[in-house]
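The primary structure of each chain is shown beneath.
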Amino acid sequence: MRRLARFLDAEADATGLPLRALLATALGIHVVVTLLAVNPWHPDEHFQILEFAWARAGLAPIEGLPWEWDARIRATLQPTIALVLLQAMRAVGLTSPFAWVLLLRLGALAVAFAVMLRVFAHVSPSLSRPARQTLWLTGLFLWFTPLFMARFSSEHLGGLALAVALTLADGEGADARRAAPGPRRDAVAGALLGLSFVFRFQMALAVVAVLAWLPTQGRTGWARAARMALAAAAVVAAGSLVDIWFYQGWGFTPWAYFSANVLEGVASSFG
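Residues numbered from 1 in each chain as written. Predicted model: local features only at pLDDT ≥ 70, side-chain atom pairs only at ≥ 80, totals over all residues. Heavy atoms only, no water.

1. Looking at the overall build of the chain
- Summing up its helical and strand segments, the chain has 13 helices and zero strands in all.
- When the elements of the chain are put in sequence order from the N terminus, they spell out α-α-α-α-α-α-α-α-α-α-α-α-α.
- Taken against the 2.2 N^0.38 rule, which gives 18 Å for 271 residues, the C-alpha radius of gyration of the chain at 20 Å falls within 12% of a compact globule.
- Projecting the C-alpha coordinates of the chain onto the three principal axes gives extents of approximately 60 × 45 × 40 Å.
- Put simply, of all contacts in the chain between residues at least 6 apart along the chain, 73% involve residues at least 24 apart.
- Per element, the accessible surface of the chain, about 14100 Å² overall, is 69% carbon and sulfur.
- Of the side chains in the chain, 21 bear a positive and 16 a negative charge, and the two mean positions are spaced by 11 Å. (Helix = DSSP H or I, 4+ residues; strand = E, 2+ residues; numbered from the N terminus. Rg over C-alpha atoms; globule rule 2.2 N^0.38 Å. Contact = heavy atoms within 4.5 Å. Areas by Shrake-Rupley, 256 points an atom, 1.4 Å probe, with all protein chains shown as cover. Lys, Arg positive; Asp, Glu negative; His and termini not counted. Charge placed at Lys NZ, Arg CZ, Asp CG, Glu CD.)

Written out as structure tokens, the structure is:
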């Protein structure tokens, strides 16, 4: 918290904006919207995550799950996170599914704000004063952001992991000047790239793009790309173990997803 306070005070001096008050106001708006927006935006947010966890907890029949369960094409890290929270709540006597979903969304909102501040800390020092002001005002108060910042969806969490990975992979910015890219930094960046893929398989395109970009950034680029790729592969392997435990059967979920939706053309049937 002290580090955050110092960062906000430094940015307030640089922008001339009351950033502590603005941040508190923006967070309050997001929390209110989260409390009011009780329904998922997309069916997958409910049927492919929450319902998987609910059934895995024994609160609904597995036979009632959608076809994706039998096909084992959905990554289960998010349902596992939801399942752990659900079981913890039930252990202390909290059984409301509405409270469960609210806590998941408030957690996603907290992570989203942390990632936003991380990106701002990386980008802002390199901008002019007007650009820094625009960054903060639009980042905090862009009208549609409260509608999705708290979504416990694969797209949202995958994007957040990618955003932090990019700040670590980038050799520029204030953060890079304080801590030059090294093996530890690259390993964390690679782990986040892998996590982004585990949350949302389509993130593979972004992950490959980052790894392909690194060799163009100097003589250490190939080594950095290799370190990140190795860390990403380790996270994907760990995610596969989670899938095996959750589905209670062997398989490689990313391949099953690709095979069903692309090779077999199931995704095309949705329009």
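2. A closer look at the packing of helix α2 (residues 19-36) against helix α6 (residues 97-123)
- α6 packs onto α2 with a crossing angle of 150° between their chain directions and a minimal axis gap of 10 Å. It follows from the interaxial angle that α2 and α6 lie roughly antiparallel. Of the two elements, α2 crosses α6, and the hand of that crossing is right-handed. Together, Leu23, Ala26, Leu27, His30, Val31, Thr34 and Leu35 of α2 and Leu102, Arg105, Leu106, Leu109, Phe113 and Leu117 of α6 make up the contact between the two elements.
- Here the contact of α2 with α6 is composed, by residue class, of 10 nonpolar, two polar and one charged. (Axes fitted to C-alpha atoms, helices over the stretch in contact; angles between N-to-C directions. Parallel < 35°, antiparallel > 145°, perpendicular 65-115°, else oblique. Left-handed = near helix turned anticlockwise from the far one by under 90°. Nonpolar A, V, L, I, M, F, W, Y, C, P; charged D, E, K, R; others polar.)

3. Some remarks on the packing of aromatic side chains
- Considering all chains together, one arrives at 13 aromatic pairs under this definition.
- When the ring of phenylalanine 52 is compared with that of tryptophan 69, the centres are 5.4 Å apart and the planes differ by 80°; the resulting orientation is edge-to-face. One end of the pair, phenylalanine 52, is in helix α3 (residues 43-56); the other, tryptophan 69, is in helix α4 (residues 67-71), and 17 residues separate them in sequence. Grouping residues by exposure puts phenylalanine 52 and tryptophan 69 together as buried.
- Members of the aromatic cluster, each reached through a chain of ring pairs, are Phe52, Trp69, Trp245, Phe246 and Tyr247.
- The ring centre of tryptophan 245 lies 4.6 Å from the NZ or CZ of arginine 56, which sits over that ring.
- Looking at arginine 56, its charged tip hangs above the ring of phenylalanine 246, at a distance of 5.5 Å from the centre. (Phe/Tyr/Trp six-rings, centres within 6.5 Å; stacked < 30°, edge-to-face > 60°. Buried < 20%, exposed > 50% of the residue type's maximum accessible area, 1.4 Å probe, protein only. Lys NZ or Arg CZ within 6 Å of the ring centre and 35° of its normal.)

4. With respect to the side chain of glutamine 78
- Assignment of secondary structure puts glutamine 78 in helix α5 (residues 77-91).
- Excluding residues that lie within four positions of it along the chain, glutamine 78 makes contacts with Ile49, Phe152, Ser153, Ser154, Leu157 and Phe199.

5. Digging into the environment of valine 188
- Checked against the element boundaries, valine 188 lands in helix α10 (residues 183-199).
- With a relative accessible area of 39%, valine 188 lands in the partly exposed category.
- As for valine 188 and proline 40, which are separated by 148 residues in sequence, their C-alpha atoms are 31 Å apart.

6. Details of α6
- Under the 1.5 Å per step criterion, the end-to-end length of α6 is 39 Å for 27 residues, consistent within 8% with the ideal 39 Å.
- Capping the start of α6 is the job of one residue whose side-chain oxygen sits 3.2 Å from the backbone nitrogen of phenylalanine 98: serine 96. (Expected span 1.5 Å × (residues − 1). Polar contact = N/O pair within 3.5 Å; in protein donor to acceptor, adjacent residues only side chain to side chain.)

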